[in-house]
Amino acid sequence: MTTFTIPALPGKFIATGARGVAILAIAAVVAPSQAPATVRAGPPPFSWIEVVPGVYATVEPRALALSPFVHGNSVFVVTDSEVVAFDANHAASAARATLTQLRAVTANPVRTLALSHWHGDHTLGIQAFVDAFPGIRIIATDSTRNDMVRAVVPLAKRTAADMEKINRRYDSLATAGVDLAGRPLTPARREQWRQTRDAYRRYYSPEALEFRIYPPTTTFAREMTLWSGSTEIQLLSFGRGDTRGDAVLWLPRERVLATGDVLVDPAPYSGAQHPGEWLEFLRSMRALNPLHIVPGHGNVMHDTKYLDLVIAATDSTIRVVRRLAAADPALTEDAMAKRVTMEEFRQQFTHGDPLTDDRWLDFVDGLVRGAFLEARGTSGRK
């Protein structure tokens, strides 16, 4: 499989296989651009969730969490003398909004910011933390820092012309009447795409011209333990998950787990995983036996039912793909993606919601293709 990306677009814009060809062809069409907005919009309203006493999460509205332009959940662990934060959101104004919410519950400074992975919707708000708390320590895995330097730091060099070019790509997709996966724009998809384009043009594009990127100042490979008074905070990496070096935050006493994008609600991402290794990452998280889970996107959970569902669906899909690949050496990737649909799990994830169903279809397609490549020993994903 060839993976096609539109690298300048934010969030999780990854298209795979034949659909990716159509997307790139459409994106190359230059449609008349809307006039740049004169009013600068801001980030969405975030819910402030108390996970357990002293541990809080910020969550974007459910409808936006299903859109292509997303904001990662952030977590704040408030101790006697400080705050340890996990993930920094998609832009400085978004991070400032969550810090304002934090100020309503504590005046303690944020002295440490840990990152789950390098994607921009979890890292581009770092500058708000640096501005508010000079000298803050930024922690991530070794590979996350390397990937930030490679892929995120260059974002600070984009010009107004660069951003307008991306906005035109958005406009051309709308003109073509399809979403990023090449699906026709139903009324629900059209409204979602309208909100995405509007947010990108009026909110993200102006902020992108002011980005200051701060890579991690401290890195680790597999495990790091932080102590703040009597509060133990573990940063754990179980290998390749959504990226090649994801980290999760684990509070062993409170049994709170913040997963980054290794786990996302209401349907997982699967555009970048090595499925077999991602499955083992999920199982390693489950072995911690968490009572409370903050996913990278979506609702805070107070049980492991969703994590168990993702593990079951992923394990079943990988097993089916491996069995079919072994039985028929001539089977192609595209044929496998059409054959393996995992319908028995669909309703458990989507509950009949059409936009969640779109996410589910993307998840299954990416998972099946990735499992096929692993079965053939040809996976080139990072």
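Keep in mind that what you see is a predicted model, and the values were worked out from it rather than measured.

Next up on the list: the overall build of the chain. Secondary structure assignment for the chain yields 13 helices and 14 strands. For the chain, the proportion of its 382 residues judged to be buried stands at 57%. Taking the intrachain contacts of the chain between residues at least 6 apart in sequence as the baseline, contacts between residues at least 24 apart amount to 69%. Carbon and sulfur atoms make up 55% of the accessible area of the chain, which totals about 15200 Å².

So, about the pairing of strand β11 (residues 231–236). Here β11 lies mainly inside the structure; five of its six residues are buried. Taken together, the six bridges between strand β10 (residues 223–228) and β11 define a ladder with antiparallel strand orientation. Across the sheet, the residue bridging to L226 is I233, located in β11. The antiparallel pairing of β10 with β11 creates a hairpin that spans two residues between the two strands, and G229 there sits at a positive phi of about 60 degrees.

Counting 43 residues, the largest nonpolar core has V110, L113, I126, F129, I136 and Y204 as its most contacted members. Only β6 (83–86), α3 (92–103), β7 (110–114), α5 (126–132), β8 (137–141), α6 (142–152), α7 (160–176) and α8 (187–208) provide two or more residues apiece to this core. Membership of the second largest hydrophobic core comes to 38 residues, among which are M301, M336, F363 and L373.

Spatial strand order, β3-β4-β5-β6-β7-β8-β9: seven strands in an open sheet with mixed pairing. Lying at the two open borders of the sheet, with one neighbouring strand each, are β3 (47–52) and β9 (218–220). Neighbour-to-neighbour, the strand axes of the sheet open up by a mean angle of 20 degrees, direction not taken into account. Here β6 pairs with β7 via four bridges, running parallel. Looking at the pairing, V83 lines up with V110 of β7. Its contacts with the sheet place α6 against β8 and β9, and it is angled at close to 105 degrees to β8.

Their axes nearest at 8 Å, the elements helix α9 (residues 275–287) and helix α13 (residues 354–376) cross at an angle of 115 degrees. Here α13 runs roughly perpendicular to α9, going by the angle between their axes. Contact residues: α9 offers P275, G276, E277 and W278, while α13 offers F363, L367, G370, A371 and E374. Looking at side-chain class alone, the contact of α9 with α13 contains five nonpolar, two polar and two charged residues.

With that settled, the discussion passes to the packing of aromatic side chains. What describes a pair of aromatic rings is the distance from one ring centre to the other and the angle between the planes of the rings. Considering all chains together, one arrives at 16 aromatic pairs under this definition. For the ring pair Y204 and F211, a centre distance of 5.7 Å and an interplane angle of 70 degrees mean the geometry is edge-to-face. An aromatic cluster of at least three residues, connected via ring pairs, comprises F69, Y170, W193, Y200, Y203, Y204 and F211. Here R150 stacks its cationic end above the ring of W118, 5.3 Å away from the centre of that ring.

What counts and how
- Residues numbered from 1 in each chain as written.
- Predicted model: local features only at pLDDT ≥ 70, side-chain atom pairs only at ≥ 80, totals over all residues.
- Heavy atoms only, no water.
- Helix = DSSP H or I, 4+ residues; strand = E, 2+ residues; numbered from the N terminus.
- Buried < 20%, exposed > 50% of the residue type's maximum accessible area, 1.4 Å probe, protein only.
- Contact = heavy atoms within 4.5 Å.
- Areas by Shrake-Rupley, 256 points an atom, 1.4 Å probe, with all protein chains shown as cover.
- Pairing = 2+ DSSP bridges.
- Core = buried A, V, L, I, M, F, W, Y, C linked by side-chain atoms within 4.5 Å.
- Axes fitted to C-alpha atoms, helices over the stretch in contact; angles between N-to-C directions.
- Parallel < 35°, antiparallel > 145°, perpendicular 65-115°, else oblique.
- Nonpolar A, V, L, I, M, F, W, Y, C, P; charged D, E, K, R; others polar.
- Phe/Tyr/Trp six-rings, centres within 6.5 Å; stacked < 30°, edge-to-face > 60°.
- Lys NZ or Arg CZ within 6 Å of the ring centre and 35° of its normal.

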